[in-house]
Amino acid sequence: MTKFYHDDPAWADIEPIPQDDTGHPLVAIAYTAEYSEAMGYLRAVMARNEHSERVLALTEHVIGINPAHYTVWLYRARTLEHLSIPPSDELRWLNPIALSHLKNYQIWNHRQAIVDRRDSCEGEADFIAQMLDQDAKNYHVWSYRQWMVERFGLWRDVGEVAFAEEMIGRDVRNNSAWNHRFFVLFGGRKKGQAGEGEEEGKEEEEKEKEKELVQREIEYAKQAIRQAPQSQSAWDYLRAVLRHAHLPISTIAGFANEYNDVSPPRSLHALEAQLEIYAEQNKVDEARSTLEALAEFDPVRKPYWTYRQKELVVA
Amino acid sequence: MAAAPEVGTILHFPRHVKYWRRNLKTHLPTYYTENDTNRMMLAFFTLSAEEILGDLDAALSPEERQGYIDWIYHCQLPEGGFRSSPATDLGTARDDKNAVWDPPELSGTFGALLSLAILGDDLQRVKRKGILRWLSAMQRPDGSFGQILEDYGRPPEGGYDPRFCYMAAGIRWILRSNVEGPVEGVPDIDVDKLVQCIRERETYNGGIAAAPFREAHAGYTSCAISALSLVDRLPLQSSQPPDTRLRGLTKPHLTLRWLVSRQTLTLDNDDAIDTHGEEASLSATYCSGSPPSDSAIPELPWVGINGRCCKIADTCYSYYVCTSLHILGHLDLVNAKPIRRWLLDRTQHLVLGGFGKTPGDYPDILHAYLGLFTLALFGEPGLRPVWAPLSISQRVKEHIESLPWRKQVASYA
């Protein structure tokens, strides 16, 4: 619904500030009359530092047309503080806006500030799930979820792992979900932090638990690869877990070979893993013939495999 | 698989010129309103495209050129730095109390400096010291940069991702070359912290993310690599003497592998369905189930580039991935010809000029510019040579370096 201010008595006291775009403006935009006018009133209330209910409505109007406007969000946030609007009210307002502007970054920045102020992530997981139903790999939404994990200490939280699992179950090639899994399981602790100040026995116990976790994740990734041998996400995850646990890539030699015993191989990523195993074991001749096979069966990355062959000779 | 016809695979030069002149000289359509507060970057893309096409001098009268320069300077704020658009200009009502709503903005400042340089301005009217002081204040303790500063004393507003590191590094390069430490009494940004910030965003598969442990993304990867290049902190080549400075890309081999793995045969949503979303590095010959009968595999017709693992190709990522590889000295690791054919046959708009995001899309300024720049990186005939770290022409880079005040600053190194 179009909204104007010049004929609204509630705004009669405001003299709008028109946009100064005189001379030779670059990339001027064919604004609608509605947007031009709303922006004129926005500049005028900003100039007065007015923080009122009608200002909230005006920011809503401008955000609806141009959600990437960087100061209007800040102005709204300060107005909310000024009017002591409860964060939950603001979230209720924000939900439909986020759903209709999936790719907008400012909305998530704003949401983060509001939820931070509320000091509770109640209901957020449900809202995120609703967003991901529309766009399962949305970068902003996953980033926001990870911020939530960090802010509210949800590391290795059963719900977070289950959530990643559910999303991977829906689409084994959802790299965002794989990344989330890695993040909640292995991203939470910085080096040297684990076991700090704990008794020795407990430290051992921790190590044992960590080993079990690594084993479980290796099996989990293998299971996914069995469903989709060409899924780069699952292979990347598998190799990241090995690297994280300081395990050699030859740990998965037998598994990789399951896909490489035919020609053409059933998975280029398995063939690549095979290459890294040979490289790790300094088996130059085997590595070279694997690179030749990769150059043949993976023409998309042929220049890269050719380069690796040259590197092999140099090494 | 049939080889793509080479006939017709051409850059439709006059149509691109027409597309960019229209962006320059007429009002942009109403749907650009959601980019209203991003106008300085749109201006930069438009001017830079005209520059790379070699059409800028023909397109502008001396009066227009001066008019555009004056318009950009009109967006400069008294304290230094540029607003991104006249949309936030409070005019004569602006004072100390309300200036917070009309602040200098990072992409506005970055785009304004580059646009002025493209127009041949000497940047003498730029409040250099003000910008550099503001830039330092915009850097957070973790090394990242904000987008705007509400006031000195409050933390900067905006994201924590490498886009802002890139623009900050770019502004610093333009205004003070890569001289480290104070210059003319103005402190430097903390370059070590900037490098540290990027290192923390490297992911388990070699790409770079918006924040630590987020998903690897080609846009952030490109911003990070360009930023490291602009502050001269990329890994040393074996031919360079070692030094003790902190450098970025802790696992450069993994990063290279991640970058080349962005090449994909999944060019649109139909492809994604045809192959059951199967990861597209799978060769086409392999997809069809018929292994090649001999070693002479036909050349791939089209190769697209995606921005994240298991996503479809998108024109803008051709730029992000190829500039990254170019800066790392490895543009030869991707399939130049099939990538070129993908851009020209599939995402170039044959009627309007420019490039769209995916096949069949209308062109938009961002994708049209980035697609054109990728072709220039590969040395497309008729386009001017380009300089990847700031995505400008080589000529504009040399113009910036030739400015007397900048030569003076650079001599402090």
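Please read all numbers here as calculations on a predicted model, not as lab measurements.

Thresholds, definitions, all that
- Residues numbered from 1 in each chain as written.
- Chains lettered and ligands numbered in written order.
- Predicted model: local features only at pLDDT ≥ 70, side-chain atom pairs only at ≥ 80, totals over all residues.
- Heavy atoms only, no water.
- Helix = DSSP H or I, 4+ residues; strand = E, 2+ residues; numbered from the N terminus.
- Rg over C-alpha atoms; globule rule 2.2 N^0.38 Å.
- Buried < 20%, exposed > 50% of the residue type's maximum accessible area, 1.4 Å probe, protein only.
- Contact = heavy atoms within 4.5 Å.
- Areas by Shrake-Rupley, 256 points an atom, 1.4 Å probe, with all protein chains shown as cover.
- 1 Å grid on protein atoms, 1.4 Å probe; cavity = no way out; pocket = protein on both sides within 12 Å on 5 of 7 lines; lining within 4 Å.
- Points joined across faces, edges and corners; volume = space filled by probe spheres on them.
- Nonpolar A, V, L, I, M, F, W, Y, C, P; charged D, E, K, R; others polar.
- Arc of directions from axis to C-beta.
- Buried area = accessible area lost by both parts, 1.4 Å probe.
- Salt bridge = Lys/Arg side-chain N within 4 Å of Asp/Glu carboxyl O.
- Polar contact = N/O pair within 3.5 Å; in protein donor to acceptor, adjacent residues only side chain to side chain.
- Lys, Arg positive; Asp, Glu negative; His and termini not counted.
- Axes fitted to C-alpha atoms, helices over the stretch in contact; angles between N-to-C directions.
- Left-handed = near helix turned anticlockwise from the far one by under 90°.
- Phe/Tyr/Trp six-rings, centres within 6.5 Å; stacked < 30°, edge-to-face > 60°.
- Lys NZ or Arg CZ within 6 Å of the ring centre and 35° of its normal.
- Expected span 1.5 Å × (residues − 1).
- pLDDT = per-residue confidence, 0-100.

1. With respect to the overall build of chain A
- Counting its secondary structure elements, chain A contains 15 helices and zero strands.
- For chain A, the C-alpha radius of gyration of 27 Å lies well beyond 20 Å, the compact-globule estimate for 315 residues.
- Each principal axis of the C-alpha atoms in chain A carries an extent, and together these give about 80 × 55 × 35 Å.
- A buried classification covers 54% of the 315 residues belonging to chain A.

2. Side note on the overall build of chain B
- Tallying secondary structure elements over chain B gives 17 helices and four strands in all.
- Taking 413 residues into account, the globule formula puts the C-alpha radius of gyration at 22 Å, and chain B, at 22 Å, falls close to it.
- Its C-alpha atoms put chain B at 75 × 50 × 35 Å along the principal axes.
- Out of the 413 residues in chain B, the part that is buried amounts to 62%.
- Nonlocal contacts in chain B, meaning residues at least 24 apart in sequence, comprise 69% of its contacts between residues at least 6 apart.
- Of the roughly 15000 Å² that chain B leaves accessible, carbon and sulfur atoms contribute 54%.

3. Looking at empty space enclosed by the protein
- Tallied over the full model, the rule gives two cavities of 30 Å³ or more.
- The computed volume of the largest cavity comes to approximately 50 Å³.
- What lines the largest cavity is simply Y139, W142, S143, Q146, S176 and N179 of chain A together with R214 and E215 of chain B.
- Secondary structure elements with two or more residues in the lining of the largest cavity: α7 (139-151) and α9 (175-186) of chain A.
- Examining the composition of the lining of the largest cavity, we find that four residues originate from one element, α7 of chain A, more than from any other.
- Looking at the lining of the largest cavity residue by residue, the class counts come to two nonpolar, four polar and two charged.
- Counted as a void, the second largest cavity has a volume near 40 Å³.
- Considering the residues around the second largest cavity, the lining is formed by D236, R239 and R243 of chain A together with Y204, N205, L254 and R257 of chain B.
- Mapped onto the lining of the second largest cavity, the elements with two or more residues apiece are α11 (232-244) of chain A together with α10 (252-260) of chain B.
- Ranked by residues supplied to the lining of the second largest cavity, first place goes to α11 of chain A with three residues.
- Of the residues assigned to the lining of the second largest cavity, the class counts are two nonpolar, one polar and four charged.

4. Notes on helix α16 (residues 394-402) of chain B
Residues and elements named next belong to chain B.
- The complete set of buried residues in α16 reads V396, K397 and I400. End-on view of α16: buried residues confined to an arc of 105°, all on one side of the axis.
- If you follow the buried residues of α16, they end up packed against α2 (39-53), α5 (106-118), α7 (162-176), β3 (386-387), β4 (392-393) and α17 (404-410).

5. A closer look at the environment of P338 of chain B
All names here are of chain B.
- Examined against the element boundaries, P338 turns out to sit in helix α14 (residues 336-347).
- Once the C-alpha coordinates of P338 and L375 are considered, the two residues, 37 residues apart in sequence, prove to be 12 Å apart.
- Dropping the residues within four chain positions of it, P338 is found in contact with E299, L300, P301, W302 and V303.

6. Observations regarding the environment of I252 of chain A
All names here are of chain A.
- Looking at where I252 falls in the secondary structure, it is placed in the loop between α11 and α12 (253-260).
- Each C-alpha atom, one on I252 and one on V184, is 23 Å from the other, the two residues being 68 residues apart in sequence.
- Once residues lying within four places of it in the same chain are set aside, the contact partners of I252 are K222, W235, L238, L242 and A273.

7. Some points on the interface of chain A and chain B
- Contact with chain A, which involves 75 residues of that partner, is made by 90 residues of chain B.
- Three residues, L26, Y70 and Y139 of chain A, lead the burial of chain A against chain B; their summed loss comes to 12% of the area buried on that side.
- Scanning the region where chain A abuts chain B turns up six salt bridges.
- For the salt bridge of E150 of chain B with R78 of chain A, the shortest nitrogen-to-oxygen distance reads 2.7 Å.
- Inspection of the chain A/chain B interface yields 35 residue pairs in polar contact (both at pLDDT 80 or more).

8. Overview of the side chain of E202 of chain B
Residues and elements named next belong to chain B.
- Relative to the helices and strands, E202 is located in the loop between α8 (191-200) and α9 (218-230).
- Here E202 occupies a buried position and makes no salt bridge, while the nearest side chain of opposite charge, K251, is found at 4.4 Å.
- Excluding its chain neighbours within four sequence positions, the residues that come into contact with E202 are G207, I208, G248, L249, T250 and K251.

9. Some words on the packing of α2 of chain B against helix α15 (residues 365-377) of chain B
Residue and element names in this part refer to chain B.
- With their axes 10 Å apart at the nearest point, α2 and α15 run at an angle of 35° to one another. Taken as a pair, α2 and α15 cross one another with a handedness that is left-handed. Together, L42, F44, F45, T46, S48, A49, I52 and L53 of α2 and I365, L366, Y369, L372, F373 and A376 of α15 make up the contact between the two elements.

10. So, the environment of P87 of chain A
Residue and element names in this part refer to chain A.
- Along the chain, P87 falls in helix α4 (residues 87-100).
- For P87, a relative accessible area of 15% corresponds to the buried category.
- Spatially, the C-alpha atoms of P87 and S263 are 60 Å apart, while their sequence positions differ by 176 residues.
- If we skip the residues at most four places from it in the chain, P87 touches I114, R117 and R118.

11. Things to note about the packing of aromatic side chains
- With the rule as written, the count across this model stands at 35 aromatic pairs over all chains.
- Members of the aromatic cluster, joined through ring pairs, are F44, F45, Y317, Y319, Y320, Y369 and F373 of chain B.
- One residue, R140 of chain B, lies across the ring of Y160 of chain B, its end atom 3.7 Å from the ring centre.
- Taking the ring centre of F183 of chain A as reference, the NZ or CZ of R214 of chain B above it sits at 5.9 Å.

12. Structural notes on unusual backbone geometry
Residue and element names in this part refer to chain A.
- Of note, the bond from S263 into P264 is cis; its omega dihedral lies within 30 degrees of zero at 0°.
- When you line up the elements, P264 lands in the loop between α12 and α13 (268-280).
- One non-glycine residue, H246, adopts positive backbone phi at about 55°.
- Secondary-structure assignment places H246 in the loop between α11 and α12.

13. Overview of the pattern of salt bridges
All names here are of chain B.
- Scanning the entire structure with this criterion turns up 58 salt bridges over all chains.
- Among the salt bridges present, the one from E401 reaches K397, with a minimum N-O distance of 3.5 Å. Within this pair, E401 and its partner K397 are both found in helix α16, separated by four residues, close to a single helical turn.

14. A look at helix α5 (residues 106-118) of chain A
All names here are of chain A.
- The end-to-end C-alpha distance of α5, which contains 13 residues, comes to 18 Å, matching closely the 18 Å that a straight helix rising 1.5 Å per residue would cover.
- Here α5 has its buried residues at Q106, I107, W108, H110, R111, I114 and V115.
- Structurally, α5 contributes buried residues whose contacts are with α3 (70-82), α4, α6 (124-134) and α7.
- In the stretch just after α5, D119 is the one whose phi turns positive, near 65°.

15. Some details on the confidence of the model for chain B
All names here are of chain B.
- In this model, chain B carries a mean pLDDT of 92, and residues with pLDDT of at least 70 account for 92%.
- Contacts for the low-pLDDT stretch residues 1-5, under 50 throughout, to residues beyond four places or in other chains number 10 contacts.
- Across residues 274-296, confidence stays below pLDDT 50; counting only partners more than four residues off in sequence or on other chains, it has 45 contacts.
- Complex prediction metrics read pTM 0.94 and ipTM 0.95.

16. Looking at the confidence of the model for chain A
- Of all residues in chain A, 96% attain a pLDDT of 70 or more, and the chain-wide mean is 93.
- Mean pLDDT in chain A bottoms out at helix α15 (residues 302-314) of chain A, which sits at 91, and peaks at helix α1 (residues 33-47) of chain A, which reaches 98.

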